[in-house]
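Residue-level structure breakdown
Each chain, written out:
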Amino acid sequence: MTQRWNDLLFAHWPVPAAEIAPLLPEGLVPDIYQNSAWLGVVPFWLDRIKVRGLPSLPGLRSFPDLNVRTYVRDEHTGTPGMYFFSLDASNLAAVVLAHTFFHLPYHWAEMRLDQRSEREFAFYSRRRMTETPVIFKALYRGLGPTRKVAEARNGSLEYFLMERSSLFTRNRAGQAVRSSLHHVPWPLEEAEADIERNDLAQSIGIKLPNAEPVLHYSRRLAVYVWPTELVRPALAGRPVTVAATPLG
């Protein structure tokens, strides 16, 4: 699948790894930076969606999206990646497609994304068909590129959060699955945000720290996503040794 992600806010909070670890499927462990795991909330909108082998679907031209992620490693290979706890989208066809082909935990939501200026956006999401409201509401804006974030070098927080080539989630059986991602380095900017309401962390059982999030903005990026595969494929059948029996 190819798609383009546009006008993204990245809001990240440090969270104890002990809170993240029980929420991950077997085979994945929290990735740590500055002695913490990290939880991210990312509102944006996407377009230019194309699934290889399928014709273009008019209903998938563009729509808002919202994801809750953390950062993990395959405990056996050390492969780093991001793990999606939940994703919300206003497009029901996209929700069904993502569930079917990529095992992504998408929810159908009422959403609005209003552009206030070139780099300023008002975002609202309310998850549909839930007993307890799950709402995210924020006003955010990009502040333009700076040397600090534009040069996200290996070892920096920006590099840790952004430069991931694997996407992890779990399938219907609860097993960890992985998709490969490909994109150029994120064109990041510093950002400001007024997050008026955020029920997303609470909906997965995590309490965010009483601190301002680390904020970044990105204008747009093309992303390529490969089909999912099991993190640890089932072991192939082992050969059975049969004792030879002399012929009578």
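Criteria and thresholds
- Each chain carries its own residue numbering, running from 1 in the direction its sequence is written.
- Local features are withheld for residues below a pLDDT of 70 in this predicted model, meaning they are given only at 70 or higher, and side-chain atom pairs are given and counted only at 80 or more; totals for whole chains, interfaces and linings count all residues.
- Derived side-chain values reflect all non-hydrogen atoms in the structure, with water molecules and hydrogen atoms excluded from consideration.
- Strands are runs of DSSP state E lasting at least 2 residues, helices are runs of H or I lasting at least 4, and numbering of each runs from the N terminus.
- Partly exposed describes any residue whose relative accessible area lies between the buried limit of under 20% and the exposed limit of over 50%, with all areas from a 1.4 Å probe on protein chains only and scaled to the type maximum.
- The contact criterion used throughout is that any non-hydrogen atoms of two residues lie within 4.5 Å.
- Throughout, the Shrake-Rupley method with a 1.4 Å probe supplies accessible areas, and for residues the shown protein chains are the sole cover considered.
- Grouping buried Ala, Val, Leu, Ile, Met, Phe, Trp, Tyr and Cys residues that are joined through side-chain atoms within 4.5 Å yields what is termed a nonpolar core.
- Two strands make a pair as long as DSSP finds a minimum of two bridges between them.
- Ring pairs are drawn from Phe, Tyr and Trp, using the six-membered ring of Trp, whenever the two centres fall within 6.5 Å, and their geometry is named by plane angle: stacked under 30 degrees, edge-to-face over 60, tilted for the rest.
- We count a charge as sitting over a ring when the NZ of a lysine or the CZ of an arginine lies within 6 Å of the ring centre and within 35 degrees of the ring normal.
- The predictor's confidence in any single residue is recorded as pLDDT, a number from 0 to 100.
- We define a polar contact as two N or O atoms separated by no more than 3.5 Å, with the added condition that, inside protein, one atom must be a possible hydrogen donor and the other a possible acceptor, whereas residues neighbouring each other in sequence contribute only through side-chain atom pairs.

**As for the overall build of the protein chain**
- Check the secondary structure of the protein chain and you find five helices and 13 strands.
- Relative to its full complement of 248 residues, the protein chain shows a buried share of 46%.
- Of the contacts formed within the protein chain by residues at least 6 apart in sequence, a portion of 67% connects residues at least 24 apart.
- Summed over all atoms, the accessible surface of the protein chain reaches about 13300 Å², with 52% contributed by carbon and sulfur.

**Some thoughts on the nonpolar core**
- Within the largest apolar cluster, 34 residues are counted, with the highest numbers of intra-cluster contacts made by Trp-5, Leu-8, Phe-10, Trp-38, Phe-160, Leu-161 and Trp-186.
- Per element, the largest residue contribution to this core is five residues, and it comes from strand S3 (residues 37-50).
- Contacts of Phe-10, omitting those with residues within four sequence positions, involve Val-41, Val-42, Arg-69, Met-162, Trp-186, Leu-188, Val-214, Leu-215, His-216 and Ser-218.
- By size, the runner-up hydrophobic cluster in this structure holds 33 residues, among which are Leu-66, Tyr-83, Ala-191 and Tyr-217.

**Digging into the pairing of strand S1 (residues 2-15)**
- Among the 14 residues in S1, 12 count as buried, and that is most of the element.
- As paired elements, S1 and strand S12 (residues 214-225) share 10 bridges and run antiparallel to each other. Of the residues in S12, the one forming a bridge with Trp-5 is Leu-221.
- Taken together, the nine bridges between S1 and S3 define a ladder with antiparallel strand orientation.

**Here's the deal with the packing of aromatic side chains**
- Applying the stated criterion across every chain yields a total of nine aromatic pairs.
- A centroid spacing of 5.2 Å and a plane angle of 80° characterise the contact between Tyr-83 and Phe-85, whose relative ring orientation is edge-to-face.
- Under the relative-accessibility criterion, Tyr-83 is labelled buried at 3%.
- Aromatic rings pair up to connect Trp-5, Phe-10, Phe-44 and Trp-186 into one cluster.
- Above the plane of the ring of Trp-108 lies Arg-128, whose end atom (NZ or CZ) is 4.5 Å from the centre.

**A short note on the pairing of strand S6 (residues 106-117)**
- Two elements, strand S5 (residues 80-89) and S6, share three bridges in a ladder whose sense is parallel. What sits directly across from Asp-88, in S6, is His-107.
- With eight bridges connecting them, S6 and strand S7 (residues 120-127) associate as antiparallel partners. The partner of Arg-112 across the bridge, within S7, is Tyr-124.
- Joining the antiparallel neighbours S6 and S7 is a turn of two residues.

**Overview of the confidence of the model for the protein chain**
- Looking at the protein chain as a whole, its pLDDT mean stands at 87, while 88% of the residues score no less than 70.
- Contacts for the low-pLDDT stretch residues 234-248, under 50 throughout, to residues beyond four places or in other chains number zero contacts.

**Concerning unusual backbone geometry**
- One non-glycine residue, Asp-7, lies in positive phi territory at about 50°.
- Relative to the helices and strands, Asp-7 is located in strand S1.
- Positive phi is not limited to glycine here, since Gln-34 has a value of about 50°.
- By the secondary structure assignment, Gln-34 is in the loop between strand S2 (28-30) and S3.

**Looking at the environment of Asp-114**
- Examined against the element boundaries, Asp-114 turns out to sit in strand S6.
- For Asp-114, a relative accessible area of 39% corresponds to the partly exposed category.
- Taking the C-alpha atoms as reference points, Asp-114 and Leu-139, 25 residues apart in sequence, are found 9.4 Å from one another.
- When near neighbours in sequence (up to four residues on either side) are disregarded, Asp-114 contacts Glu-120, Phe-121 and Ala-122.

**A few points about the side chain of Arg-4**
- Tracing the backbone shows Arg-4 in strand S1.
- For Arg-4, a relative accessible area of 16% puts it in the buried group.
- One polar contact links Arg-4 to Asn-6, side chain to side chain, over a distance of 3.2 Å.
- Once residues lying within four places of it in the same chain are set aside, the contact partners of Arg-4 are Trp-45, Leu-46, Asp-47, Arg-48, Arg-220, Leu-221 and Ala-222.

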